[in-house]
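# What the coordinates show
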Amino acid sequence: MPVLPGAEPYRHEGGEVGVLLCHGFTGSPQSLRPWAEHHAARGLTVSLPLLPGHGTRWEDMQLTTWQDWYAEVDRELRVLTERCSRVFVAGLSMGGALALRLAARHGERVAGAVVVNPANRVHGLSAYALPVARHLVRTTKGIASDIAKPGAAELGYDRVPLHAAHSLRTFLRRLDGELPQVTQPLLLLRSARDHVVPAADSARVLSRVSSTDVTEIVLEHSYHVATLDKDADRVFEESLAFIGRLAPIVGKEGTAAVG
């Protein structure tokens, strides 16, 4: 299936500092594109891949699993580490969870992590029914576009495939056991009001990681997709400052981008 207009992956060849951005469950690179372009304009090398099964139609996602999604970001990280001297990982929602697993598994190859409203578990009684329900019902209502800003919209599926949701639940349970392996500096930004991922998920992440350099910022004016919401500029600037503190060669204009 062709990729939906706006959902294309994004790459930018910049300097020696790289950042890998991971989008969320049923979403697409569109939700992080302004973030990626902001960092690219400041001279970073940026990779924002399209996760398998995303950015086309929900039926394609039904055929993918968390192993497919993680393999994509793992591959992009390896490319970045060959290209750059310092590499950071970042992500929104499930993308934040993927970024944390990259940090847990790659150790010193990851210089730091930035996560926005990171997912830690699938909530509600329905989560426990997923192993059976996914064989009876194909989809449930979508979770895209939880945004406070008028006129802003996320390019994501209007349905959640239950096979994929079951795989996400399996992934998040596995990741929870790996969080103590995260030792890198961590910047966590969470929305005060989030209708998709509750604040308890961020609290759980902060309680489980082994990082000693940890910053938590509460975004007062945004919902779940904060990267497209009223606090987007703060997300971009805080993450850039975080990266700049740990790899202080940020600030120059970048070179060509490939979208």
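Residues numbered from 1 in each chain as written. Predicted model: local features only at pLDDT ≥ 70, side-chain atom pairs only at ≥ 80, totals over all residues. Heavy atoms only, no water.

## Some details on the overall build of the protein chain
Of the regular secondary structure elements, the protein chain holds eight helices and ten strands. Sequence-distant contacts in the protein chain: of pairs separated by 6 or more residues, those separated by 24 or more amount to 79%. Of the roughly 10,800 Å² that the protein chain leaves accessible, carbon and sulfur atoms contribute 52%. (Helix = DSSP H or I, 4+ residues; strand = E, 2+ residues; numbered from the N terminus. Contact = heavy atoms within 4.5 Å. Areas by Shrake-Rupley, 256 points an atom, 1.4 Å probe, with all protein chains shown as cover.)

## Looking at the pattern of salt bridges
Applying the stated rule across the entire model yields 14 salt bridges. Note that R204 is salt-bridged to D176, the shortest N-O span being 2.7 Å. Pair noted here: R204 is in helix α7 (residues 199–208) and D176 is in helix α6 (residues 162–178), with a separation of 28 residues, a long-range link. Relative accessible area serves as the criterion here: at 35%, R204 is assigned to the partly exposed category. Salt-bridge contacts for E216 lead to R190; the nearest nitrogen and oxygen are separated by 2.8 Å. With E216 in strand β9 (residues 214–219) and R190 in strand β8 (residues 186–191), the pair connects residues that are 26 residues apart, well separated along the chain. On the basis of relative accessible area, E216 is assigned to the partly exposed category, the value being 40%. (Salt bridge = Lys/Arg side-chain N within 4 Å of Asp/Glu carboxyl O. Buried < 20%, exposed > 50% of the residue type's maximum accessible area, 1.4 Å probe, protein only.)

## A look at the side chain of E72
With respect to the element layout, E72 can be found in helix α3 (residues 66–83). The exposure class of E72 is buried, given its relative accessible area of 13%. The residues contacting E72, other than those within four sequence positions of it, are P49, L50, L51 and P52.

## Section: α3
Along its 18 residues, α3 runs 26 Å from first to last C-alpha, staying within 8% of the 26 Å computed at 1.5 Å per residue. Listed in full, the buried residues belonging to α3 are W66, W69, Y70, E72, V73, D74, E76, L77, L80 and T81. (Expected span 1.5 Å × (residues − 1).)

## Let's talk about unusual backbone geometry
Even without a glycine there, the phi angle at T26 is positive, about 70°. Residue T26 is classed as buried on the basis of its relative accessible area of 1%. Phi at S145 takes a positive value of approximately 65°, unusual for a residue other than glycine.

## Overview of the pairing of strand β5 (residues 112–116)
A regular strand carries its side chains on alternate faces of the sheet. Among the five residues in β5, five count as buried, and that is most of the element. Bridge count between strand β4 (residues 86–92) and β5: five bridges; the pairing is parallel. Residue A90 lies in a different strand from β5, and its bridge partner there is V114. As a crossover connection, the stretch from β4 through helix α4 (residues 94–106) into β5 is right-handed. (Pairing = 2+ DSSP bridges. Right-handed = clockwise from strand over helix to strand, strands pointing away.)

## Considering the pairing of strand β2 (residues 17–22)
With six of its six residues buried, β2 lies for the most part within the structure. Burial of the side chains of β2 extends over both faces: V17, V19 and L21 are buried on one face and G18, L20 and C22 on the other. Relative to β4, β2 is paired through six bridges, and the arrangement is parallel. Directly across from L20, in β4, lies its bridge partner V89. Direction of pairing for β2 relative to strand β3 (residues 45–48): parallel, over a ladder of three bridges. Each bridged residue has a counterpart across the sheet, and for L20 the counterpart in β3 is S47. Note on the crossover from β2 through helix α1 (residues 33–41) to β3: the handedness is right-handed.

## Let's talk about the packing of aromatic side chains
On inspection of all chains with the given rule, the structure shows three aromatic pairs. Judged by centre distance (5.8 Å) and plane angle (70°), the ring pair of F25 and W69 falls under edge-to-face. Here W69 lies in helix α3 and F25 lies in the loop between β2 and α1, a separation of 44 residues in the sequence. Comparing F25 with W69, the two get one shared label, buried. The interplanar angle of 70° and the centroid separation of 6.3 Å between the aromatic rings of F88 and F242 together place this pair among those described as edge-to-face. With F88 in strand β4 and F242 in helix α8 (residues 232–246), this pair connects stretches of sequence that are 154 residues apart. According to the relative accessible area criterion, F88 is buried, its value standing at 0%. (Phe/Tyr/Trp six-rings, centres within 6.5 Å; stacked < 30°, edge-to-face > 60°.)

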